[in-house]
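# Structure assessment
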Amino acid sequence: MDRLRAVLGEAQARGFLGAAPLDEHVEHARGFVDALGAAVFAGAAVVDLGSGGGLPGLIVADEVPDARVQLLDGSAVRSAFLRWAVEVLGWDARVSVLGARAEEVGRRAAMRSSADIVVARGFASPGATAECAAPMLRVGGWLVVSDPPGGGAAAGRWPVEGCRSVGLVPERHLCAPRAYTVLQQVAPCPDRYPRRVGIPAKRPLF
Ligand SMILES: C[S@@+](CC[C@H](N)C(=O)[O-])C[C@H]1O[C@@H](n2cnc3c(N)ncnc32)[C@H](O)[C@@H]1O
């Protein structure tokens, strides 16, 4: 954990992680594992959508050593940092970096329906997050997303019909001590998603 904290401190120094105390970031990232349960993450193929400075993906990798984690980020600077972090941590065998836009990755045949779990913290609006995550998820897989503190409006943020349009169903909203929504991929994401780069954020499905 010391080495991981040093890496996260470096992410913060470079402005890839918010200014809150590192412990808060780490606890928030651990909440993704707790939201589904560590047993579901065991051995899973996990994609961290918009990993930035490495959260929550690096914490998932730390907590669940047999998970195979892909840290995805469209920023060349951030993905270079993530590659450095994986090397420093010696996790190359089980953690990899996808330096590309999620809309492009979601159209790659090898990535389609390939993930057991997608996690997303601060990636995009709910509609854009669902559209970018669903194409990568196998049927039966899970999307875990953090919601704003309190989580009171989570049901409104994740409308059932909107989620269903990409094959997802909201399973539960957790609000204390931190807010997350857990969705399950119950049907394959239609081939027309994700739309072109930038369109999910510009014209969100919901
Ligand atoms: C607000 S940061 C959150 C970073 C990290 N998950 C965290 O919680 O600290 C959002 C990240 O998503 C990445 N991002 C945004 N849209 C993207 C897209 N369409 N494809 C790939 N990465 C994207 C950005 O480059 C940025 O690093």
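How each quantity is defined
Residues numbered from 1 in each chain as written. Predicted model: local features only at pLDDT ≥ 70, side-chain atom pairs only at ≥ 80, totals over all residues. Heavy atoms only, no water. Buried < 20%, exposed > 50% of the residue type's maximum accessible area, 1.4 Å probe, protein only. Helix = DSSP H or I, 4+ residues; strand = E, 2+ residues; numbered from the N terminus. Right-handed = clockwise from strand over helix to strand, strands pointing away. Pairing = 2+ DSSP bridges. Axes fitted to C-alpha atoms, helices over the stretch in contact; angles between N-to-C directions. Contact = heavy atoms within 4.5 Å. 1 Å grid on protein atoms, 1.4 Å probe; cavity = no way out; pocket = protein on both sides within 12 Å on 5 of 7 lines; lining within 4 Å. Points joined across faces, edges and corners; volume = space filled by probe spheres on them. Nonpolar A, V, L, I, M, F, W, Y, C, P; charged D, E, K, R; others polar.

### Considering the pairing of strand E1 (residues 45-49)
Among the five residues that make up E1, five are buried, leaving the element largely enclosed by the rest of the structure. Both faces of E1 are covered, namely the face carrying Ala45, Val47 and Leu49 and the face carrying Val46 and Asp48. This β-α-β element, E1 to helix H4 (residues 57-63) to strand E2 (residues 68-72), shows right-handed connectivity. Where E1 meets strand E4 (residues 115-120), four bridges bridge the pair, whose relative direction is parallel.

### Observations regarding the sheet that holds strand E6 (residues 168-174)
Sheet architecture is open: seven strands sit in the order E3-E2-E1-E4-E5-E7-E6, paired in mixed fashion. Both outer strands of the open sheet, strand E3 (95-98) and E6, are each paired with one neighbouring strand and no more. Averaged over neighbouring strand pairs, the angle between their axes works out to 20 degrees when direction is ignored. Strand direction decides the pairing type here: E6 and strand E7 (residues 180-185), joined by six bridges, are antiparallel. When the sheet's bridge partners are listed, Leu168 is paired in E7 with Gln185. Lying on the sheet, helix H5 (residues 76-89) is in contact with E2 and E3; it crosses E3 at an angle near 170 degrees. Sheet strands touched by helix H7 (residues 126-133): E1, E4, strand E5 (137-146) and E6. Its angle to E5, the strand with the most contacts, is close to 150 degrees.

### Some words on the layout of surface pockets
Counted as a void, the largest pocket has a volume near 220 Å³. Taken together, 15 residues make up the lining of the largest pocket; nearest its centre are Arg101, Ala102, Glu103, Phe123 and Ala124. Looking at the lining of the largest pocket, the elements that each hand over two or more residues are helix H6 (102-105), H7 and helix H10 (199-202). A class-by-class count of the residues in the lining of the largest pocket yields nine nonpolar, three polar and three charged. The calculated volume of the second largest pocket comes to roughly 160 Å³. If you trace the second largest pocket, you find it lined by Phe16, Leu17, Gly50, Ser51, Gly52, Gly53, Leu55, Asp73, Arg78, Arg121 and Gly122.

Remember that the coordinates give geometry; whether it matters functionally is a separate question.
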